[in-house]
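Residue-level structural notes
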Amino acid sequence: MKKFNTFFCSIFIVLQFLFLFIYFSVSLAEESQKTVDLAYEYCRIVDVAPASGPIPANLLSYKGYLYESIRIQSSAELLRAMRAGSEEDLSDEQKGLFKAFNHGSSDNMKKRLSYASECNIPDNSISVYLLDTTFIQGVERSKLRNDLWPMAIGNKIILSCIDRSPTDTASLLAHETSHTVDNINLNLIDYGKDKRHHLNEVSTKSTAFSEGWAIFNQYYDFPSTAMLPSKLMYETASSAFGHPDYVMRSLTDSEVAPEDFLKTEGVVSEILFHIAHQIPDGFDKIFKSFLKIRNDNSKDITSLINVLLDSYPEDSKKIMEIFARDTASRFSSEEFKKSFPNHFKDIHKKKSLIKIKHSLFRRGS
Ligand SMILES: [Zn+2]
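Now for a quick tour of the structure. Quantities reported herein were computed from a predicted structural model and do not represent experimental measurements.

Focus on the sheet that holds strand β1 (residues 37-48)
Ordered in space as β2-β3-β1-β4-β6-β5, the six strands form an open sheet in which the pairing is mixed. Every interior strand has two partners, whereas the edge strands, β2 (60-62) and β5 (151-153), have only one. Averaged over all pairs of adjacent strands, the angle between strand axes in this sheet comes to 35°, irrespective of strand direction. Bridge count for β1 against strand β3 (residues 65-72) is eight bridges, and the pairing is antiparallel.

Concerning helix α9 (residues 265-278)
With 14 residues, α9 extends 20 Å between its outermost C-alpha atoms, agreeing within 8% with the 20 Å of an ideal straight helix rising 1.5 Å per residue. With 11 of 14 residues buried, α9 is to be regarded as a mostly interior element. Taken together, the buried positions of α9 are Glu265, Gly266, Val267, Val268, Ser269, Glu270, Ile271, Leu272, Phe273, His274 and Ile275. Residues of α9 that are buried sit in contact with α7 (205-221), α8 (258-262), α10 (282-293), α11 (301-311) and α12 (316-326).

Points about unusual backbone geometry
Residues other than glycine seldom take positive phi values, yet lysine 63 does so here, at roughly 50°. Assignment of secondary structure puts lysine 63 in the loop between β2 and β3. By C-beta crowding, lysine 63 is classed as exposed, having 12 other C-beta atoms within 10 Å. Its identity is not glycine, yet aspartate 163 carries a phi of approximately 55°, on the positive side. Along the chain, the position of aspartate 163 falls in the loop between β6 (156-160) and α6 (166-180).

Concerning the nonpolar core
Ranked by size, the top nonpolar core spans 36 residues in total, and within it Leu130 and Leu159 carry the most contacts. If you list the elements that add at least two residues to this core, you get β1, β3, α2 (75-81), α3 (92-103), α4 (107-116), β4 (125-132), β6 and α6. Not counting the four nearest positions on each side in its chain, leucine 130 is found in contact with Tyr40, Tyr42, Cys43, Leu97, Phe101 and Leu159. The next biggest cluster of nonpolar side chains, apart from the first, holds 34 residues, and it includes Ala214, Phe216, Phe273 and Phe336.

A look at the packing of α10 against α11
For the pair α10 and α11, the least separation of the axes is 9 Å and the interaxial angle reads 115°. In the packing of α10 onto α11, the handedness of the crossing is right-handed. Across the interface between the two elements, Lys285, Ser289, Phe290, Lys292 and Ile293 from α10 touch Ser303, Leu304, Val307, Leu308 and Ser311 from α11. Partitioned by chemical class, the residues of the contact of α10 with α11 number five nonpolar, three polar and two charged.

Focus on the packing of α9 against α12
For the pair α9 and α12, interaxial distance at closest approach is 10 Å and the crossing angle is 150°. As judged from the angle between their axes, α9 and α12 are roughly antiparallel. Remark: the crossing between α9 and α12 carries right-handed chirality. When α9 is examined against α12, the residues Val267, Glu270, Ile271, His274, Ile275 and Gln278 are found in contact with a partner set consisting of Lys318, Ile319, Ile322, Phe323 and Asp326. Classifying every residue of the contact of α9 with α12 by side-chain character gives six nonpolar, two polar and three charged.

Basis of the calculations
- Residue numbering note: each chain is counted from 1, following its sequence as written.
- Only residues with pLDDT of at least 70 get local features here, since the model is predicted, and only at 80 or more are side-chain atom pairs given and counted; chain-wide, interface and lining totals rely on the full set of residues.
- Paired strands are those between which DSSP finds at least two bridges.
- Every helix listed is a DSSP run of H or I at least four residues long, and every strand listed is a run of E at least two residues long, numbered separately from the N terminus.
- Angular values range over 0 to 180 degrees, each being the angle between N-to-C directions of two axes fitted as lines to C-alpha atoms, with helices fitted over their stretch in contact.
- Multiplying 1.5 Å by the residue count of a helix minus one yields the expected span of that helix.
- Field definition: a residue is buried when 20 or more other C-beta atoms are found within 10 Å of its C-beta, exposed when 12 or fewer are, and partly exposed for counts in between, with C-beta atoms placed from the backbone.
- Residue pairs qualify as contacts under a 7 Å threshold applied to their C-beta atoms, which are placed from the backbone.
- Working definition: the nonpolar core is a set of buried Ala, Val, Leu, Ile, Met, Phe, Trp, Tyr and Cys residues, joined through C-beta atoms within 7 Å.
- Here a crossing is called left-handed whenever its near helix is offset anticlockwise from the far helix by less than a right angle, and right-handed whenever the offset is clockwise.
- Following the grouping adopted for this structure description, the nonpolar residues are Ala, Val, Leu, Ile, Met, Phe, Trp, Tyr, Cys and Pro, the charged ones are Asp, Glu, Lys and Arg, and the polar ones are all others, Gly among them.
- Our angle categories are set so that under 35 degrees counts as roughly parallel, over 145 as roughly antiparallel, 65 to 115 as roughly perpendicular, and the remainder as oblique.

Encoded structure:
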């Protein structure tokens, strides 16, 4: 009888372990598959909204325009909604929206959306509004382009494709998705007196980092769209909203302060792009580091690099070489010390890192 009991006891314990093993395996599998979904809405812009009075019951309004809205789950549904039999029938603008929709299920986007699942996005869902202006008449394209500018607002992405290439529009999906994971205080975003921003414009560290982060993500998915600044651009005293005015300066101009590189979105994206391609698993290391500082309102490119140096000391030499090169070797020892205080000694030990000569500096390498 005792033997009998021991036998059943052992079976019971084995079953318990088996149950726990299965439970934790399933939980881990679910954890690793966590992702954010993209919920697409095709928006056919049909008219300008009336100045007053009600709008027709079957239409919605956005920024002074009326549109029909259709939920989309497959490319076949999108083609039907665009009133096209095949891809060849699409207007240039629709081709961009179609390419963006298909890019949403690419491996890079899947990876990005799985990281996004750590960002408390409501319902783990991002709504993507594909604005199609093929069917509206009597409105200038430049006005449509300005009015319906692509953007991310919270967990909503607005995409349009007016006078852009299809690839540019698809890359904007990566750009705007990257904005949705950035928990920056929008009051810190400063586009200057003209309220515009450009790849090579010197703005603020926060603005440059926010846009540079998003641009890096679009370059990562479509490297052929990468444009690296060869000069920096400054708003002049007379620049104003609607009347932008700039002065250009070369990267080695003495009036260009080393810190200005950190205030330029094209330099931020360039540094991240090079790190992603030149250190092993660079994209994942950058994304994981970004998630650690996404809630920090004072973050800039040096904050991200400091996290990378903390987390991946084996890559510090390469990262510092990239930083020195992409800031045109303008950072002195003192400036390196100020930007990377906890790593300065280590960096200093690695000979020549902060003494990369201008002659070694090559754009786009
Ligand atoms: Zn942006």
